[in-house]
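Inside the fold
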Amino acid sequence: DAGVIQSPRHEVTEMGQEVTLRCKPISGHNSLFWYRQTMMRGLELLIYFNNNVPIDDSGMPEDRFSAKMPNASFSTLKIQPSEPRDSAVYFCASSGGSFNEQFFGPGTRLTVL
Amino acid sequence: AQSVAQPEDQVNVAEGNPLTVKCTYSVSGNPYLFWYVQYPNRGLQFLLKYITGDNLVKGSYGFEAEFNKSQTSFHLKKPSALVSDSALYFCAVRDGEGYQKVTFGTGTKLQVIP
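Residues numbered from 1 in each chain as written. Chains lettered and ligands numbered in written order. Predicted model: local features only at pLDDT ≥ 70, side-chain atom pairs only at ≥ 80, totals over all residues. Heavy atoms only, no water.

Comments concerning the packing of aromatic side chains
Under the counting rule described, the total for this entry stands at 13 aromatic pairs over all chains. Seen in terms of ring centroids, Phe33(A) and Tyr48(A) are 4.9 Å apart; in terms of plane orientation they differ by 15°. Their pairing is stacked. In this pair, Phe33(A) is assigned in strand 4 (residues 31-38) and Tyr48(A) in strand 5 (residues 42-50), connecting sequence segments 15 residues apart. We note that Phe33(A), like Tyr48(A), is buried. Both rings, one in Phe104(A) and one in Phe104(B), keep their centres 6.0 Å apart while their planes meet at 85°; by these two values the pair is edge-to-face. With Phe104(A) in strand 10 (residues 103-104) and Phe104(B) in strand 11 (residues 103-104), the pair connects residues from two separate chains. Accessibility assignment for this pair places Phe104(A) and Phe104(B) in one class, buried. An aromatic cluster is present here, built from Phe33(A), Tyr35(A), Tyr48(A), Phe91(A), Phe104(A), Phe34(B), Tyr36(B), Phe46(B) and Phe104(B) joined pairwise through their rings. (Phe/Tyr/Trp six-rings, centres within 6.5 Å; stacked < 30°, edge-to-face > 60°. Helix = DSSP H or I, 4+ residues; strand = E, 2+ residues; numbered from the N terminus. Buried < 20%, exposed > 50% of the residue type's maximum accessible area, 1.4 Å probe, protein only.)

Given below as structure tokens:
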């Protein structure tokens, strides 16, 4: 298995632009998580999906952020409009089975100028 | 509410010496406990977990962790550190009841000195 796949790996954009991050979870996993990692705030859970349904989006910082999971093999995290404070590494993770360890993707490093 | 504390931002240890990275947790139900490692510019990698059973859990790369219910701790250990163990280590907890939200600690940077 290729593991969790994220694209793009790096994204540089200007303030005000729309950014879309993509994630393909491990096949057969029924849970998907989006995290944001920064030096200042550490690793933050943004949103969690179970069986393609958003269960907990309390970590989504504001309305500029939205996430979708249209099917079991694909999820997006969108920021519109982007701001410099959104600069971070965004990780997608998936899990399945009874004991729920998470498998992380390589991350997308987002820089908003 | 559940929480995890990693009291040390950084741990330095000489190569070949035993290492310990500390973690304490708080959870209302039975804890599911995890350790992850993050190398530079990489995602987190699962090391080991405690769900139930034997308090001493063995994981990848020679790491182990001991679950101590009375002290609500789950310290990560390795008998002999390698330079290649230098990385960022995260402890995480999940309540065994309810949904799957996992709370991660702030991370401990392990530096193994040659």
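So, the environment of Gln71(B)
Within the element layout of this structure, Gln71(B) appears in the loop between strand 8 (64-68) and strand 9 (73-78). C-alpha separation for the pair Gln71(B) and Lys22(B), spaced 49 residues apart in sequence, amounts to 12 Å.

Digging into the sheet that holds strand 7 (residues 65-71) of chain A
Residues and elements named next belong to chain A. Taken together, the four strands give an open sheet; going across it, the order is 1-3-8-7, and neighbouring strands pair in antiparallel fashion. Each edge of the open sheet is held by one strand with a lone partner, namely strand 1 (5-7) and strand 7. Neighbouring strand axes in the sheet, compared pairwise and without regard to direction, differ in orientation by 15° on average. Direction of pairing for strand 1 relative to strand 3 (residues 19-24): antiparallel, over a ladder of three bridges. Bridge assignment links Gln-6 to a residue of strand 3, and that residue is Cys-23. (Pairing = 2+ DSSP bridges. Axes fitted to C-alpha atoms, helices over the stretch in contact; angles between N-to-C directions.)

Considering the interface of chain B and chain A
Contacts between chain B and chain A engage 19 residues on the former and 23 residues on the latter. Buried surface at the junction of chain B and chain A, both sides included, amounts to about 1,600 Å², of which 53% is carbon and sulfur. Our enumeration of links across chain B and chain A arrives at one salt bridge. Close ionic contact of Lys49(B) with Glu101(A) constitutes a salt bridge, the shortest N to O distance being 2.7 Å. At the junction of chain B with chain A, the criterion picks out four residue pairs in polar contact (both at pLDDT 80 or more). When contributions to the side of chain B that touches chain A are tallied by element, the ones reaching two or more residues are strand 5 (31-38), strand 6 (44-50) and strand 10 (87-95) of chain B. Counted by class, the side of chain B that touches chain A contains 11 nonpolar, four polar and four charged residues. (Contact = heavy atoms within 4.5 Å. Buried area = accessible area lost by both parts, 1.4 Å probe. Salt bridge = Lys/Arg side-chain N within 4 Å of Asp/Glu carboxyl O. Polar contact = N/O pair within 3.5 Å; in protein donor to acceptor, adjacent residues only side chain to side chain. Nonpolar A, V, L, I, M, F, W, Y, C, P; charged D, E, K, R; others polar.)

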